[in-house]
Amino acid sequence: MALVSHPPSASHHRHCHHLHLHLQPPLITRRTAYQRLNSSISQTTSLLQTNTSTKCQLPLLQQLTSLCQSKESLPQALTLLLQENPRHEQRKEAIGLLLQACGRYQDIETGREVHRIVASSTLFHNDVVITTRLITMYSMCGSPLDSRLVFDGLEQKNLIQWNAMVSGYSRNKLYEEALRIFIELVLKTEFKPDKFTSPCVIKACGGISNVGLGQGVHGMNVKLGLLGDVFVCNALIAFYGKCGLVDEAVKVFDYMSEKNLVSWNSIICVFAENGFTQEGLGLFRKMIKCEESLVPDVASLVTILPVCAGEANLEMGMVLHGLAVKLGLNQELMVKNALIDMYSKCGFLSHAKFLFDKDSNKNVVSWNTMLGGLSTQGDTSGTFNLLREMQVEGREKANEVTILNILPVCLKKSELLCLKQLHSFSIRHGFHYGDLGANAFIAAYAKCGLLSYAQHVFNGMETKTVSSWNALVGGYAQNGAPGKALEFYLQMINAGIEPDRFSLGSLLLVCSHLKSLRFGKEIHGYLIRIGLETNTFIVISLLSLYIRCGKSASARVLFEEMEDKSLILWNALISGYSQNGLPDEVLVLFRQMLSDGIHPDEISINIVVGVCSQLSALRLGKEAHCYALKAYLVEDTFVGCSIIDMYAKSGCIEQSRRVFDKSSDKDVASWNAIIVGYGLHGDGKEALGLFEKMQEFGQKPDGFTFVGILMACCHSGLVEEGLKYFNQMQNFHGLKPKLEHYACVIDMLGRAGRLNESLKLVNEMPDEPDSGIWSSLLSSCKTFGALDIGMKVAEKLFELEPNKAENYVLLSNLYAGSGKWDDVRRVRQKMKEIGLQKDAGRSWIEVRGKVYSFTAGNNSFTGSQQMKNIWRRLEEEIRKIGYKPNPESVLHELAEDEKMEVLRRHSEKQAICLGLLRTSKGETLRINKNLRICVDCHNAAKLISVAVEREIVIRDNKRFHHFRSGFCSCGDYW
């Protein structure tokens, strides 16, 4: 007769533990082990003798039960069992009790000693209860191989032992093995699976995401009449949820005649994990109010709290916190960790830190959760200080999840040193060998722009998965190195790695950078063939491809074909239209998004406010601002900066300042936005004052700050101050000037008539000047009649942009200002030959949400006669207070009276008349113009502001002009 197989020797298992030797205590000799065993026996004997001397000795099972309450006492329990010689039934019960405790506390060594007792006894070799507990003990200790050896050594097996094996494999996530032994049970035995078999088998089907097999097991349970069992149904709910079949899970739940707390927890988890967060919250409320009067447990709370965290639903999260306190569950470690996570993700780090600090029983999950919260909020010093505290305390050791949770705080170039420190920490502790850690560092270095470091980490990996290749290919694609990205993609294919949706998404990004529409279309066709064309991640990449290739219409068609148009997709399309210079279409799309019931987020508002800045659409900008206030979006740094910028570019610098002053968290971007705003409005002194105040508040200026400062000095005529700050930028702040800084200084010198200095700087600057610099210099030459310098500048300009109409117009105006009409005709003839046409002067004004546009010389507006009459009356009034038309503003060879008529039909004068006609008395007129305002219109606007007692704000292509009481904010310096 076969006996229960002996437990494997230590050498049999050594290969399973060699990777963890550094975590184990030093190996001991047999003599030492023997001495320790004798010492343990002596201690137990002494304890028993003491107990005997004081009172009657406790029964054996009662003593064993007491000793089995902690892992540390299990060796003493074993010693007691060896010392005593109880009757058969009592001995059997004692062995079973000890095996259960070994499994519960995962004490496999003591469990093996008990196994030896069983194997040496002829009484227990085939005992169903003992052998089943042996199988279960080994599986609970993470050694299903030992469970299988026990199982295979049995002469006869019953269903309970088969179930124990299926359960053991499933518990240890060996799902395929669980399914194999289940199939063996069905095919080779006469046993029928029961309500204990099915849940483990269903779990295994979910573990390998095999929907077909799971549905087959579901059908088998129907035939066997097991669907009346609540545990089977709970397993089916979890299976369908894991496979994303929410409707099927709901059908099972609704079918159940009896639902326990696990049933409710399971279906809530299904909704939460599949993105139906509101439905999950609704079910939780329904569970509390149901007839069964179920009381939430730990599992309920740790299921629903992450939903609040994901939705940033602080109010509901705090309600659940209160419920946990009321139920006495707030001291449960899993609940505390879930609460820390919820508060962190809702942005209430102080609450999370309070709970964390108050917890005296932290585990590694507690530390990782708090570290993740600090890291996500960008608190670099707080994150690394907490990591050091974790190491000093020493109770819990960092693991790979610790590293992954800290990484988000290291993803800016400014935090590169922290990233390297974290990488070193990871290497010292051996975390860099895992796929997740290595891939995360590849992606992190790529995001910081250190692609050579990313590639070094990649090259050091022994096994490169598709995720590893994706991290490197995506890094190169996102950092503007499409050629390198394509090279590694091809290497991946040659290595036999099958690309996934992330690989193909990166490849589409490569096509976007290269503007390779043909290759991108080929990939699109491939995606359609493999059924990935509706994947959100892929669709966003395709939208980006078509938009960057200038095919906005194709992007729109692709978008309209999507059944589920998520906010992410709307944002991608709106952003694409904005980047392609289609602001009007952006506003149409935004209105359509709102009418479809999609609520904008920070990204949507940021895009729309930016478009309002471009169009100076003040009314719509104000509406977007109101929405942002109601939706609590104004605290977002990007939204706040966009609103400051929008008001500034819409002519409302005072409102822009109010928004800035009310901002609680002013970062460098906020300061930059308001400084640039004052620069556009020509208020140099205020811009410089803000610059000084910014530094007093501890903010370090960057390159954008100095663009704003130099622009402010340029528009205000503060030349010496501008040169001082330009030198400060290099010598004091250590910032290397870029092309845009040189452009501001050159323009500033040119506007002040210091053309030789301006030209000298052009020749001395380290970078080649672009067309914008030459263009501004040519414009300055025209202003000051510097014909000789202007002609040299024009030559340089035409070398860079020979086919741009604006350049010919500048040269023509230079000649016209110097009375060189033959040269003017020659330049205009050249334009005709090339096929270039001058941009007509255009002005527009927004009145009651409608935009009215005017072109110089065009009287097609329906109310033109009324406007002519208004202008005649205005001209009469302003002539009385000093207006004299300036014929030099008409750079055409015309008679004086013809020039007067041309001046009357300038577009900004038409816009002013329309504004006076359609707006209330005293209302500010806000006008936009595509070209620089001429001297005549500038003089007229100053006097009109006196005649009509109104402020007139005109934004030309360079700056803002505020006309009040006969004066302009530019001080006639523009």
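Keep in mind that this is a model prediction, so the values were computed, not measured.

Reading the values: rules and limits
- Residues numbered from 1 in each chain as written.
- Predicted model: local features only at pLDDT ≥ 70, side-chain atom pairs only at ≥ 80, totals over all residues.
- Heavy atoms only, no water.
- Axes fitted to C-alpha atoms, helices over the stretch in contact; angles between N-to-C directions.
- Helix = DSSP H or I, 4+ residues; strand = E, 2+ residues; numbered from the N terminus.
- Parallel < 35°, antiparallel > 145°, perpendicular 65-115°, else oblique.
- Left-handed = near helix turned anticlockwise from the far one by under 90°.
- Contact = heavy atoms within 4.5 Å.
- Nonpolar A, V, L, I, M, F, W, Y, C, P; charged D, E, K, R; others polar.
- Buried < 20%, exposed > 50% of the residue type's maximum accessible area, 1.4 Å probe, protein only.
- UniProt positions renumbered as here; feature names shortened; annotations may be inferred.
- Pairing = 2+ DSSP bridges.
- Right-handed = clockwise from strand over helix to strand, strands pointing away.
- pLDDT = per-residue confidence, 0-100.
- Core = buried A, V, L, I, M, F, W, Y, C linked by side-chain atoms within 4.5 Å.
- Patch = residues over 30% accessible without salt bridge, like charges linked within 9 Å, V, L, I, M, F, W, Y side chains within 5 Å.
- Areas by Shrake-Rupley, 256 points an atom, 1.4 Å probe, with all protein chains shown as cover.
- Salt bridge = Lys/Arg side-chain N within 4 Å of Asp/Glu carboxyl O.
- Lys, Arg positive; Asp, Glu negative; His and termini not counted.
- Charge placed at Lys NZ, Arg CZ, Asp CG, Glu CD.
- Expected span 1.5 Å × (residues − 1).
- Phe/Tyr/Trp six-rings, centres within 6.5 Å; stacked < 30°, edge-to-face > 60°.
- Lys NZ or Arg CZ within 6 Å of the ring centre and 35° of its normal.

**Describing the packing of helix H45 (residues 771–783) against helix H47 (residues 805–817)**
Link 1 in the chain: At their nearest, the axes of H45 and H47 sit 9 Å apart, and the two run at 20 degrees to each other. For the element pair H45 / H47, the angle class is roughly parallel. The handedness of the crossing between H45 and H47 comes out as left-handed. Within the contact between the two elements, H45 uses Ser-775, Leu-778, Ser-779, Cys-781 and Lys-782 and H47 uses Glu-806, Asn-807, Leu-810, Leu-811, Asn-813 and Leu-814.
Link 2 in the chain: Its residues assigned to classes, the contact of H45 with H47 shows five nonpolar, four polar and two charged.

**Some remarks on the side chain of His-906**
Link 1 in the chain: Structurally, His-906 can be placed in the loop between helix H50 (896–904) and helix H51 (907–918).
Link 2 in the chain: A residue is classified by how much of its surface remains accessible, and His-906, at 12% relative accessible area, is buried.

**Remarks on the UniProt feature "domain: DYW" (unreviewed entry) in the protein chain**
Link 1 in the chain: The residues that UniProt annotates with the feature "domain: DYW" (unreviewed entry) are residues 882–974.
Link 2 in the chain: For residues 882–974, the end-to-end C-alpha separation is 21 Å, with 37% helix and 17% strand making up the annotated structure.

**A short note on the UniProt feature "repeat: PPR" (unreviewed entry) in the protein chain**
Link 1 in the chain: When the UniProt feature table is mapped onto this chain numbering, "repeat: PPR" (unreviewed entry) sits at residues 158–193, 229–263, 363–397, 465–499, 566–600 and 667–701.
Link 2 in the chain: Helix makes up 74% of residues 667–701 and strand 0%, whereas the separation of the span's terminal C-alpha atoms amounts to 10 Å.

**Some details on the environment of Asn-731**
Link 1 in the chain: Relative to the helices and strands, Asn-731 resides in helix H42 (residues 719–731).
Link 2 in the chain: The class for Asn-731 is exposed, based on a relative accessible area of 68%.
Link 3 in the chain: Note: C-alpha distance between Asn-731 and Gln-865 (134 residues apart in sequence) is 60 Å.

**Here's the deal with the packing of helix H10 (residues 175–188) against helix H11 (residues 197–207)**
Link 1 in the chain: Between H10 and H11, the shortest axis-to-axis distance is 9 Å and the interhelical angle comes to 135 degrees. Classified by the interaxial angle, the pair formed by H10 and H11 is oblique. For the pair H10 and H11, the crossing hand works out as left-handed. Within the contact between the two elements, H10 uses Tyr-175, Ala-178, Leu-179, Phe-182 and Leu-185 and H11 uses Thr-197, Val-201, Lys-203, Ala-204, Cys-205 and Gly-207.

**Details of the environment of Met-646**
Link 1 in the chain: Along the chain, Met-646 turns up in helix H37 (residues 637–649).
Link 2 in the chain: The buried category is assigned to Met-646, whose relative accessible area is 0%.
Link 3 in the chain: Along the sequence, Met-646 and Val-609 sit 37 residues apart, while their C-alpha atoms lie 6.3 Å from each other.
Link 4 in the chain: Not counting residues up to four positions away in its chain, the partners in contact with Met-646 are Val-609, Cys-612, Ser-613, Leu-618, Gly-621 and Lys-622.

**Remarks on the pairing of strand E4 (residues 952–955)**
Link 1 in the chain: What you see with E4 is no split at all: Ile-952 and Ile-954 on one side and Val-953 and Arg-955 on the other are buried throughout.
Link 2 in the chain: As judged from the four bridges shared by strand E3 (residues 925–929) and E4, these two strands associate in the parallel manner. Bridge pairing links Arg-926 to Val-953 in E4.
Link 3 in the chain: A crossover links E3 with its parallel partner E4, the connecting element being helix H52 (residues 935–947), and its sense is right-handed.
Link 4 in the chain: By the bridge criterion, four bridges tie E4 to strand E5 (residues 960–964) in an arrangement that is antiparallel.

**Things to note about the sheet that holds strand E6 (residues 967–968)**
Link 1 in the chain: Pairing in this open sheet of six strands is mixed, and the strands run E2-E1-E3-E4-E5-E6 from one edge to the other. Pairing within the sheet leaves two strands with one partner each, and these edge strands are strand E2 (850–855) and E6.
Link 2 in the chain: Strand contacts of H51: strand E1 (842–847), E2 and E3, with the helix running at about 15 degrees to E1, the strand carrying the most contacts.

**Some points on the confidence of the model for the protein chain**
Link 1 in the chain: Counting all residues, the mean pLDDT for the protein chain is 88, and 93% of those residues have values of 70 or more.
Link 2 in the chain: In the predicted structure, residues 9–57 sits below a pLDDT of 50 and forms 22 contacts with residues beyond four places in sequence or in another chain.

**Focus on the nonpolar core**
Link 1 in the chain: Counting residues in hydrophobic clusters, the biggest one holds 261 residues, and the most contacted among them are Ile-95, Ile-267, Leu-320, Met-342, Leu-422 and Leu-543.
Link 2 in the chain: What Leu-422 contacts, discounting residues up to four positions off in sequence, is Phe-384, Leu-387, Ile-403, Ile-406, Leu-407, Cys-410 and Phe-441.
Link 3 in the chain: Within the second largest apolar cluster, 30 residues are counted, among which are Val-847, Ala-911, Cys-913 and Trp-974.

**A word on unusual backbone geometry**
Link 1 in the chain: Look at Ser-209: it is not a glycine, yet its phi comes out positive at around 50 degrees.
Link 2 in the chain: If you trace the backbone, Ser-209 turns up in the loop between H11 and helix H12 (211–223).
Link 3 in the chain: The exposure class assigned to Ser-209 is partly exposed, which follows from its relative accessible area of 48%.
Link 4 in the chain: If you check the backbone angles, Tyr-632 has positive phi at about 55 degrees while not being a glycine.
Link 5 in the chain: Position of Tyr-632 among the secondary structure elements: in the loop between helix H36 (618–630) and H37.

**Considering a positive patch on the surface**
Link 1 in the chain: On the surface, a cluster of positive charge is contributed by Arg-171, Lys-173, Lys-203 and Lys-242.
Link 2 in the chain: In this fold, Lys-242 is placed in helix H13 (residues 230–242).
Link 3 in the chain: For Lys-242, a relative accessible area of 52% corresponds to the exposed category.

**Digging into H47**
Link 1 in the chain: Between its first and last C-alpha, H47 extends 18 Å over 13 residues, near the 18 Å set by a 1.5 Å rise per residue.
Link 2 in the chain: Buried residues dominate H47, accounting for eleven of its 13 residues.
Link 3 in the chain: Within the span of H47, buried status applies to Ala-805, Asn-807, Tyr-808, Val-809, Leu-810, Leu-811, Ser-812, Asn-813, Leu-814, Tyr-815 and Ala-816.
Link 4 in the chain: Of the surrounding secondary structure, the elements contacted by the buried residues of H47 are H45, helix H46 (787–800) and helix H48 (821–834).
Link 5 in the chain: Of the residues flanking the end of H47, it is Gly-819, one or two places downstream, whose phi is positive at about 75 degrees.

**Regarding the packing of aromatic side chains**
Link 1 in the chain: As enumerated under the stated definition, the model contains 17 aromatic pairs in all.
Link 2 in the chain: Look at Phe-458 and Phe-488: their rings are 6.3 Å apart centre to centre, the planes differ by 85 degrees, and that puts the pair in the edge-to-face class. Taken together, the residues span a long stretch of sequence, with Phe-458 in helix H26 (residues 451–459) and Phe-488 in helix H28 (residues 482–494) at a distance of 30 residues. Of the two residues examined, Phe-458 and Phe-488, each falls in the buried class.
Link 3 in the chain: Cation over ring: Lys-362 sits above Phe-356, and NZ or CZ is 4.9 Å from the ring centre.

**Observations regarding the pairing of E1**
Link 1 in the chain: When E1 meets E2, the two strands line up antiparallel, connected through six bridges. Paired with Trp-844 across the two strands is Ser-853, which belongs to E2.
Link 2 in the chain: Of the pairings in the sheet, the one linking E1 to E3 comprises three bridges and is antiparallel in character. The residue bridging Trp-844 from the neighbouring strand is Asn-928, located in E3.

**Thoughts on the pattern of salt bridges**
Oppositely charged side chains may form a pair once their charged atoms are brought near each other.
Link 1 in the chain: Summed over the entire model, instances satisfying the criterion amount to 36 salt bridges.
Link 2 in the chain: Residues Glu-951 and Arg-964 are paired through a salt bridge, measuring 3.1 Å at the closest nitrogen-oxygen approach. Note that Glu-951 is positioned in the loop between H52 and E4 and Arg-964 in strand E5, a separation of 13 residues in sequence.
Link 3 in the chain: You can call Arg-964 partly exposed: its relative accessible area is 37%.
Link 4 in the chain: Members of the salt-bridge network, linked through shared partners, are Glu-875, Arg-879, Glu-901 and Arg-904.

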